[in-house]
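Fold and contact review
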Amino acid sequence: MEEVAGELQTAHADGKNVVDLALLSKDRLGPAFGVISFIASFHLAFNIPLPVLQQAQAWERFGWGGVQISDQEFSALLSPWLNR
């Protein structure tokens, strides 16, 4: 998980946006990707509070069901935490 978090930090420093970072996390974790691993990788990489990450897990591209948020809502929720 720490390796993926480091890759997320590097990709962000290289100019990747939050959508790109989430897709990178999903790709790098492969079959291990899920709600917990998403929350853990972004929390480790960017110290985003858990309640914010719990809201972000509703992103439509994750396809975890229930209420879903769009790319714009996902970005608006997480971007401020990446730019600290």
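Residues numbered from 1 in each chain as written. Predicted model: local features only at pLDDT ≥ 70, side-chain atom pairs only at ≥ 80, totals over all residues. Heavy atoms only, no water.

1. What to know about the pattern of salt bridges
Within the structure shown, the criterion is met by three salt bridges. Taking the shortest distance from any N to any O, the salt bridge between R28 and E7 comes out at 2.6 Å. Taken together, the residues R28 in helix α2 (residues 18-29) and E7 in helix α1 (residues 2-13) connect sequence positions 21 residues apart. Put simply, R61 and D71 hold a salt bridge, and the shortest N to O gap is 2.6 Å. Taken together, the positions of R61 in the loop between α4 (50-56) and α5 (71-82) and D71 in helix α5 put the pair 10 residues apart, joining distant regions of the chain. Here R61 falls in the partly exposed class, since its relative accessible area comes to 39%. (Salt bridge = Lys/Arg side-chain N within 4 Å of Asp/Glu carboxyl O. Helix = DSSP H or I, 4+ residues; strand = E, 2+ residues; numbered from the N terminus. Buried < 20%, exposed > 50% of the residue type's maximum accessible area, 1.4 Å probe, protein only.)

2. Observations concerning unusual backbone geometry
Residues other than glycine seldom take positive phi values, yet N47 does so here, at roughly 55°. With respect to the helices and strands, the residue N47 is situated in the loop between α3 (35-46) and α4.

3. Quick word on α3
With 12 residues, α3 should reach 16 Å at 1.5 Å per residue; the first-to-last C-alpha distance of 16 Å fits that figure. Considered for burial, the residues of α3 that qualify are S37, F38, I39, S41, F42, A45 and F46. Those residues of α3 hidden inside the fold are in contact with α1, α2, α4 and α5. (Expected span 1.5 Å × (residues − 1). Contact = heavy atoms within 4.5 Å.)

4. Some details on the nonpolar core
Counting 26 residues, the largest nonpolar core has F38, F42, F46, I48, F74 and L78 as the members making the most contacts within it. Elements supplying a minimum of two residues to this core: α1, α2, α3, α4 and α5. Setting aside its immediate chain neighbours within four residues, F74 contacts V18, V19, A22, F38, A56, W59, F62 and I69. (Core = buried A, V, L, I, M, F, W, Y, C linked by side-chain atoms within 4.5 Å.)

5. Details of the packing of aromatic side chains
Scanning the model with the defined rule gives eight aromatic pairs in all. Here the aromatic rings of F42 and F46 are separated by 5.8 Å at their centres, their planes lie at 55°, and the arrangement is tilted. Linking F42 with F46, this pair stays in helix α3, spanning four residues, or about one helical turn. Like F42, the residue F46 is buried in the burial classification. An angle of 90° between the planes, with centres 5.9 Å apart, marks the rings of F62 and F74 as edge-to-face. Within this pair, whereas F62 is found in the loop between α4 and α5, its partner F74 is found in helix α5, the two being separated by 12 residues in sequence. Chaining the aromatic ring pairs together yields one cluster made of F33, F38, F42, F46, W59, F62 and F74. (Phe/Tyr/Trp six-rings, centres within 6.5 Å; stacked < 30°, edge-to-face > 60°.)

Functional significance is not addressed by these values, which are geometric in nature.
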